[in-house]
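# Summary of the model geometry
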Amino acid sequence: MNCVSLEELEKQIPTCTSCPLHETATQKVIRKGSENPKILFIGEAPGKNEDETGVPFCGRAGKVLDQIIDYMRLDEQEWAVINTIKCRPPNNRNPNKKELQACRSFLENQIELLDPKVIILLGNTAETAFVGKGTLGWGECREIDGSKVLKLYHPAALIYTRSRIPEQHQFIDANRKLWE
Ligand code: URA
């Protein structure tokens, strides 16, 4: 599937039945933020709040993502956030390989059509889905298909391990030139 417009793609996603998650999810969770972002954040999977509202990162982890966005000094029209898969896995378990594979063409199409300058992978699942497990070391930045790709801690991980925040801020500071 190769969509020519973001609008077309975002109309197709809700009709997907490629994996069993569509049977348990309330709705697909597609994107929050700009249609033309400089920075694209990729999270893991919708949680309970996202499943209920259809909006990515609208719960507790979303508040932490908002803090990351503030620290990066991004304006509203400069960023967007999507997830590796569009349906909530039951009990918020991690997406499995088959689910990541089933949703992969949506992820690839979203990235292509949003065409960000910088892609920020939020945690290990985003890294696994996009470039493969363990591809990016902490603090590393790679160019992949014309976008700079960095990995940050998943916002939910920062809720439980606040001691990682200064380290993450240092990394953001060291890379500001990519978006400022
Ligand atoms: N965690 C994610 O990875 N994505 C969301 O949309 C919400 C929480």
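Going by the structure above, here's the rest.
Let me begin by describing the structure that accompanies this report. (Residues numbered from 1 in each chain as written. Predicted model: local features only at pLDDT ≥ 70, side-chain atom pairs only at ≥ 80, totals over all residues. Heavy atoms only, no water.)

## Considerations on the pairing of strand 5 (residues 141-144)
The pairing of strand 5 with strand 6 (residues 147-152) spans 4 bridges and is antiparallel. Within strand 6, the residue paired with Arg142 across the bridge is Val149. Counting the residues between successive antiparallel strands, the hairpin from strand 5 to strand 6 contains 2 residues, one of them, Asp145, with a positive phi of roughly 45°. (Pairing = 2+ DSSP bridges. Helix = DSSP H or I, 4+ residues; strand = E, 2+ residues; numbered from the N terminus.)

## Here's the deal with the pairing of strand 4 (residues 118-122)
In terms of burial, strand 4 is a largely internal element, 5 of the 5 residues being buried. Side chains of strand 4 alternate between two faces, with Val118, Ile120 and Leu122 and Ile119 and Leu121 buried alike. Where strand 2 (residues 39-43) and strand 4 come together, 4 bridges link them in parallel fashion. Counterpart to Phe41 in the pairing with strand 4 is Ile120. Across 5 bridges, strand 4 lies against strand 6 in parallel orientation. (Buried < 20%, exposed > 50% of the residue type's maximum accessible area, 1.4 Å probe, protein only.)

## With respect to unusual backbone geometry
One non-glycine residue, Asn91, lies in positive phi territory at about 55°. Among the secondary structure elements, Asn91 is positioned in the loop between strand 3 (79-83) and helix 5 (97-114). Backbone geometry places Asp145, a non-glycine residue, at a positive phi of 45°. Assignment of secondary structure puts Asp145 in the loop between strand 5 and strand 6. Under the relative-accessibility criterion, Asp145 is labelled exposed at 79%.

## Brief notes about the site of the ligand
Taken together, Gly43, Glu44, Ala45, Glu50, Pro56, Phe57, Asn83 and His154 form the complete shell of residues around the ligand. In this structure, Glu44 approaches the ligand through a main-chain N or O atom, which is 2.7 Å from an oxygen atom. Interatomic distance of 3.0 Å between a backbone N/O atom of Phe57 and an oxygen atom of the ligand. Within the complex, the protein chains bury 92% of what would otherwise be the 240 Å² of accessible surface of the ligand. Of the residues in the shell around the ligand, the class split is 3 nonpolar, 3 polar and 2 charged. (Near = heavy atom within 4 Å. Polar contact = N/O pair within 3.5 Å; in protein donor to acceptor, adjacent residues only side chain to side chain. Areas by Shrake-Rupley, 256 points an atom, 1.4 Å probe, with all protein chains shown as cover. Nonpolar A, V, L, I, M, F, W, Y, C, P; charged D, E, K, R; others polar.)

## Looking at the packing of aromatic side chains
With the rule as written, the count across this model stands at 2 aromatic pairs. A centroid spacing of 4.6 Å and a plane angle of 20° characterise the contact between Trp138 and Tyr153, whose relative ring orientation is stacked. With a gap of 15 residues between them, Trp138 in the loop between helix 6 (124-130) and strand 5 and Tyr153 in the loop between strand 6 and helix 7 (155-160) connect regions that are remote in the sequence. A relative accessible area of 18% means that Tyr153 is categorised as buried. One aromatic cluster is present, formed by Trp138, Tyr153 and Phe171 through successive ring pairs. (Phe/Tyr/Trp six-rings, centres within 6.5 Å; stacked < 30°, edge-to-face > 60°.)

Structural measurements only, silent on function.
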